Amino acid sequence: YILHSESADRYYIGISSDPERRRHFHNTIEKGFTSRYRPWSLVYVKEYSSKTDAHAAESKVKNWKSRKMIERLIAGELWIFLIYFPPLGTIGHVAGLTMELQAVQKLLY
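Residues numbered from 1 in each chain as written. Predicted model: local features only at pLDDT ≥ 70, side-chain atom pairs only at ≥ 80, totals over all residues. Heavy atoms only, no water.

## Describing unusual backbone geometry
A cis geometry characterises the amide bond from R38 onward to P39, with omega recorded as 0°. Relative to the helices and strands, P39 resides in the loop between α1 (19–28) and β3 (40–44). Phi is positive for D9, close to 50°, though the residue is something other than glycine. Looking at where D9 falls in the secondary structure, it is placed in the loop between β1 (2–5) and β2 (10–13). Given a relative accessible area of 41%, D9 falls into the partly exposed group. The backbone of K65 shows a phi angle near 50°, a positive value even though the residue is not glycine. With respect to the secondary-structure elements, K65 resides in the loop between α2 (51–64) and α3 (67–75). (Helix = DSSP H or I, 4+ residues; strand = E, 2+ residues; numbered from the N terminus. Buried < 20%, exposed > 50% of the residue type's maximum accessible area, 1.4 Å probe, protein only.)

Here it is as structure tokens:
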């Protein structure tokens, strides 16, 4: 999920099985980073089939360190694709990794 603070015009990226509950937590209980920039609104939610996939997507977005990329994701102009290859020593002998398909983005623009 991605939260947006209108007061500070900042984004917060996280994972949760209940993003609306987390938004409420950040707006009322949390005393860390997010408490300084209240109120937060939920601007993006993407469901993944596993916690591993959710963590991989969260890491990908955080590693972008790009406001423009985050805003394009929220606007639906950009997607996150996770592809898992078999670990080294299994069929394919490719190291296990997560990869983003930027080719799809290039096709769209």
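## Concerning the environment of A8
Summarising the element assignment, A8 is placed in the loop between β1 and β2. A8 sits 29 residues away from Y37 along the chain, and the two C-alpha atoms are 5.9 Å apart.

## Description of the nonpolar core
Counting 14 residues, the largest nonpolar core has I2, V61, W64, I70, L73 and I80 as its most contacted members. Those elements giving two or more residues to this core turn out to be β2, α2 and α3. (Core = buried A, V, L, I, M, F, W, Y, C linked by side-chain atoms within 4.5 Å.)

## Here we look at the pattern of salt bridges
Overall, the coordinates contain six salt bridges when judged by the stated rule. A salt bridge links R21 to D18; its shortest N-O distance comes to 4.0 Å. The exposure class assigned to D18 is partly exposed, which follows from its relative accessible area of 33%. A cluster of three or more residues bridged by salt bridges with shared partners is formed by D9, R67 and E71. (Salt bridge = Lys/Arg side-chain N within 4 Å of Asp/Glu carboxyl O.)

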